[in-house]
Amino acid sequence: MAEVDATIVAIANQKGGVGKSTTAINLGAGLALQGDKVLIVDLDPQGNTSSGLGIDRSTIELSTYEVLIDEVQIDDAIEPTSVGDLHVVPATIELAGAEIELVSIFSREMRLAAALKPITDEYDFVLIDCPPSLGLLTVNGLAAANEVAIPIQCEYYALEGVSQLMRNVQLVKQSLNPQLEVEGVILTMFDGRTTLSADVVEQVREHFGETTYKTVIPRTVRLSEAPSYGEPIEAYDPMSRGAIAYRELAREFRRRHGRT
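Residues numbered from 1 in each chain as written. Predicted model: local features only at pLDDT ≥ 70, side-chain atom pairs only at ≥ 80, totals over all residues. Heavy atoms only, no water.

**Q** Summarise the overall build of the chain; cite the residues concerned and give the values.
**A** Secondary structure summary: the chain contains 12 helices and eight strands in total. A compact globule built from 260 residues should have a C-alpha radius of gyration of about 18 Å, and the chain, at 17 Å, falls within 12% of that. Taking the principal axes of the C-alpha coordinates as reference, the chain spans close to 50 × 40 × 40 Å. In the chain, once contacts between residues fewer than 6 apart in sequence are set aside, the share between residues at least 24 apart is 78%. (Helix = DSSP H or I, 4+ residues; strand = E, 2+ residues; numbered from the N terminus. Rg over C-alpha atoms; globule rule 2.2 N^0.38 Å. Contact = heavy atoms within 4.5 Å.)

This is how it looks when you write it as structure tokens:
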């Protein structure tokens, strides 16, 4: 039987602190634990996804920087994680310079897409953790992806900047990647004690309709602690509210992609 190419999902929102890395780590782990082969590509120079998966950034020899700038084979930069079927291409602070270096490189928006091509039949899902900006790194993420997932936090100004992101998605779709679609909106950092959180959920559901995931990710201490131990929440505290929510999100995500 012919291998099916991976579904490539860019996790993007140019606002920082909305739960992009948390979602990349824990959705990736949730999918891997439910039987999928998953690769996370860390495109954020802060490297929070890499360290949150237990990668010691001081020992990284090859990272997304070398893949994008030096055209190193992505296979050589892939690192295992503590979750069996979950792998990561880690990021280092060097990636911050890539934004400038890419400007003068031929076909600069398509570097990641070209790098991923040889390995897409080895994974079920590739999740790309984009930086909190709309620069060339994020454009590379969007140009390489089939879909965009947008985490939105349940706080003031939740939708601020989202319309700009949607415009950029449209621009990438028109000029670089005709198959790109918004796959879903993920509500994060929900605080059940505040009416504000409930209002934001309502507002986002009104704005995005069925695109919004039913599963809402709570704001919890355990979720924010887990990355400092280099573990997904599923490994750090599998019975916590955060772990239960991300498990459910992974199930919902799999259903949307025809996997049961």
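**Q** Break down the nonpolar core for me, with residues and values.
**A** Membership of the largest hydrophobic core comes to 52 residues, with the highest contact counts inside it found for Leu-39, Val-41, Leu-112, Leu-116, Val-126, Ile-128 and Ile-152. Apart from the residues lying within four places of it in its own chain, the contact partners of Val-126 are Ala-6, Thr-7, Ile-8, Val-9, Leu-39, Val-41 and Leu-116. Membership of the second largest hydrophobic core comes to 32 residues, among which are Ala-24, Ile-25, Val-88 and Phe-253. (Core = buried A, V, L, I, M, F, W, Y, C linked by side-chain atoms within 4.5 Å. Buried < 20%, exposed > 50% of the residue type's maximum accessible area, 1.4 Å probe, protein only.)

**Q** Please provide a residue-by-residue account of the sheet that holds strand β6 (residues 147–153), values included.
**A** Spatially, eight strands are ordered β3-β4-β2-β5-β1-β6-β7-β8 in an open sheet, and the strand pairing comes out mixed. At either end of the open sheet lies a strand with only one pairing partner, and these are β3 (79–80) and β8 (212–218). Here three bridges tie strand β1 (residues 7–11) to β6, and the two strands are oriented parallel to one another. Bridge pairing links Ala-10 to Val-148 in β6. Strands β1, β2 (38–42), β4 (86–89), β5 (125–129), β6 and β7 (181–190) of the sheet are contacted by helix α1 (residues 20–33), whose axis makes an angle of about 165 degrees with β5. Sheet strands in contact with helix α9 (residues 195–208) are β6, β7 and β8, and its direction is about 175 degrees off that of β7. (Pairing = 2+ DSSP bridges. Axes fitted to C-alpha atoms, helices over the stretch in contact; angles between N-to-C directions.)

**Q** Talk me through the packing of α1 against helix α12 (residues 241–256); I want residue IDs and the actual numbers.
**A** Axis separation between α1 and α12 bottoms out at 8 Å; the angle between their running directions is 70 degrees. Classified by the angle their axes make, α1 and α12 are roughly perpendicular. Crossing angle aside, the handedness with which α1 passes α12 is right-handed. Here α1 contributes Thr-22, Thr-23, Asn-26, Leu-27, Gly-30 and Leu-31 to the contact with α12, which in turn contributes Tyr-246, Leu-249, Ala-250, Phe-253 and Arg-254. Across the contact of α1 with α12, the residue classes break down as six nonpolar, four polar and one charged. (Parallel < 35°, antiparallel > 145°, perpendicular 65-115°, else oblique. Left-handed = near helix turned anticlockwise from the far one by under 90°. Nonpolar A, V, L, I, M, F, W, Y, C, P; charged D, E, K, R; others polar.)

**Q** Before we move on, can you summarise unusual backbone geometry with the specific residues and values?
**A** Located in the positive-phi region is Glu-71, a residue other than glycine, with phi close to 55 degrees. Within the fold, Glu-71 resides in the loop between α3 (64–69) and α4 (74–77). Looking at Glu-71, the relative accessible area reads 57%, which means it is exposed. If you check the backbone angles, Ser-107 has positive phi at about 55 degrees while not being a glycine.

**Q** I'd like a rundown of the side chain of Thr-7, residues and numbers included.
**A** Mapped onto the secondary structure, Thr-7 falls in strand β1. Classification of Thr-7 as buried rests on a relative accessible area of 19%. In this structure Thr-7 touches Asp-124, Phe-125, Val-126, Asn-146, Glu-147 and His-257, once residues within four positions along its chain are discounted.

**Q** Lay out the packing of aromatic side chains with the relevant residues and their values.
**A** In the structure shown here, the tally under the stated rule is three aromatic pairs. The ring of Tyr-123 is capped by Lys-37, whose NZ or CZ atom sits 5.4 Å from the centre of that ring. It is Arg-256 that lies over the ring of Tyr-213; its NZ or CZ is 3.7 Å from the centre. (Phe/Tyr/Trp six-rings, centres within 6.5 Å; stacked < 30°, edge-to-face > 60°. Lys NZ or Arg CZ within 6 Å of the ring centre and 35° of its normal.)

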